[in-house]
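A look at the structure
Okay, here's what each chain looks like letter by letter:
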Amino acid sequence: MASCTLVGLSAVSGVPLFVRHTGPGKPPAYALIGSLNGIHVFGESHGVTLCTTRTPNSNLMWKTYHDSIRLVLIRGSETVGDRCDGLLLDLMFASLVLLLGLDTLTTSTNVERLKRDIRPCYVLLDELLSRAIGSEDHQGFSHLTGCAECLIPPEQHSLQSELEKFAEGADSTYGCVMLQGYILCGTRNFWSLSHTELVLLPLLVATNIFTVARDLPIYLPNKSPNVPFRMLVVRLTGHISVVTLCGPTPTLSEMIRAASSFWAPSYQVLETLTTLLPWNIMPSLLSQLDNAVIGLILVNYDHKKCVSCVHLSEETRSRCLSVAKKTAALRSVYRSVVGSLLQPPAIPPEDFPSRLHPDHTPLESYISTDSYKVYVLQSSSYHLLVLFPPALPIHIARKVSIRTLAVFTKGKVPKL
């Protein structure tokens, strides 16, 4: 398994603020970190910004935020797309803002106090690092796609209508219903949050351990980096929670009582939604997928949503890849293709490597290995990656992929 280390430094003094490491081996010693930072400072003094560094054993990416915090991501020697690691670093810094606020990070003059303040962020940072190395216990694609991970439930519109009423009663316009870290539905204003906020909020809820409810002050990194909201999370069933972003009112106890009363008639319906796992899509869509499909990711950049399915019935489809290997294959292809070849339509890429002639922007691609095939489609705001067994002819894979995209985007099915 690969390893990944995140180092946080004071951009002014170069003092290490934290080191988080995931995977085999040990994190670099402070002396080495100091030397690496010295290289960065030396470059800056000569008008050079150091972005990436490669050694025989590792790849490093550097990024300084608000002239205050410098983050360094250190990976093993495996090749990883710069765009994906850049997005990961942005998520890491946004995680700090989410829990501490931008002013705390950028105006603090007491380094020791800042180190202590950052400690509650470790759980969220470690979750992102574990996803970055493909840990089997940390599945998901939101850290790559920059979009919220969703489920596609039946009767989605009626569920959203109920959620809008509940959020309005709590004097909030930002709310969602979540199932084990996946978003089932969100209010209209909830989807106006930035890509970064929609990725981090579900991760924060999923990594926070609570029994019945939680009241947590948070800062929205893009919308409100200095004025906190209260994130109220109330567990409705054993697996489903309702999340609202509120002001000073209501109190947590009032929210618990309101949620219990409002959602009581829907408890049985909500509990049946747990049957969506682990497939993530409702049965009527699942039954329309071709038997050759053994995994997929669908991303809608305009709506800031993605859905993945790597548990497609191995009994009838394929036993050639485990769930972990399917996830790793789809992640690898996404990193290889999206950004370097296919451009995410709704993420303005200042650093997008636009080496292609604008009249020859590709819309389809595929990767074939001894273990699998992946066909990639770009259509308007959608990217679809479909995983197939290695023996399937590529022209068949293309036809099945086009049909699969139509299953999710045509007719009266809930739109992602």
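Everything numeric here is computed off the predicted structure, so don't read it as measured data.

**Some thoughts on the pairing of strand β15 (residues 373-379)**
The buried fraction of β15 amounts to 6 of the 7 residues, a majority that puts the element mostly inside the structure. As paired strands, strand β14 (residues 364-368) and β15 are joined by 5 bridges and run antiparallel to one another. Counterpart to Ser365 in the pairing with β15 is Val376. Counted between consecutive antiparallel strands, the loop separating β14 from β15 contains 4 residues.

**Side note on the nonpolar core**
Within the largest apolar cluster, 107 residues are counted, with the highest numbers of intra-cluster contacts made by Ile218, Met231 and Trp263. For this core, the element with the highest residue contribution is helix α2 (residues 82-100), accounting for 12 residues. Beyond its immediate stretch of four places on either side in the chain, Ile218 contacts Leu98, Leu201, Leu204, Pro228, Phe229, Met231 and Leu245.

**What about the packing of aromatic side chains?**
Taken as a whole, this structure holds 8 aromatic pairs when the rule is applied. Taken together, a centroid distance of 5.3 Å and an interplanar angle of 80° make the contact between Phe190 and Trp191 edge-to-face. With a centroid separation of 5.2 Å and 75° between ring planes, the pair formed by Phe262 and Trp263 is classed as edge-to-face. Owing to a relative accessible area of 26%, Phe262 belongs among the partly exposed residues under this scheme. In this arrangement the basic side chain of Arg20 is found over the ring face of Tyr122, its NZ or CZ atom lying 4.1 Å from the centre. Stacked on the ring of Phe141, the Lys or Arg Arg331 has its end atom at 5.7 Å from the ring centre.

**With respect to the sheet that holds strand β10 (residues 224-235)**
Overall, antiparallel pairing links the 5 strands, which are arranged β8-β7-β11-β10-β9 in an open sheet. Across the chains shown, the open sheet's two edge strands, defined by having one partner strand only, are β8 (182-186) and β9 (213-220). For this sheet the average axis-to-axis angle between neighbouring strands, irrespective of direction, equals 30°. As paired elements, strand β7 (residues 174-179) and β8 share 4 bridges and run antiparallel to each other. Bridged to Met178 within β8 is Ile183.

**Observations regarding helix α5 (residues 122-132)**
Note on helix geometry: an α-helix contains 3.6 residues per turn, so any two residues three or four positions apart are oriented the same way. Counted residue by residue, α5 has 9 buried out of 11 residues, so it is predominantly covered. Residues Tyr122, Leu124, Leu125, Glu127, Leu128, Leu129, Ser130, Arg131 and Ala132 constitute the buried set of α5. One or two steps after α5, the chain reaches Gly134, where phi turns positive at roughly 80°.

**Some thoughts on the confidence of the model for the protein**
When pLDDT is averaged across the protein, the result is 87; 89% of the residues are at 70 or more. Low pLDDT (under 50) marks residues 346-354, which in the prediction has 12 contacts with non-local residues, meaning those over four places away or in another chain.

The rules we used
- Residues numbered from 1 in each chain as written.
- Predicted model: local features only at pLDDT ≥ 70, side-chain atom pairs only at ≥ 80, totals over all residues.
- Heavy atoms only, no water.
- Buried < 20%, exposed > 50% of the residue type's maximum accessible area, 1.4 Å probe, protein only.
- Helix = DSSP H or I, 4+ residues; strand = E, 2+ residues; numbered from the N terminus.
- Pairing = 2+ DSSP bridges.
- Core = buried A, V, L, I, M, F, W, Y, C linked by side-chain atoms within 4.5 Å.
- Contact = heavy atoms within 4.5 Å.
- Phe/Tyr/Trp six-rings, centres within 6.5 Å; stacked < 30°, edge-to-face > 60°.
- Lys NZ or Arg CZ within 6 Å of the ring centre and 35° of its normal.
- Axes fitted to C-alpha atoms, helices over the stretch in contact; angles between N-to-C directions.
- pLDDT = per-residue confidence, 0-100.

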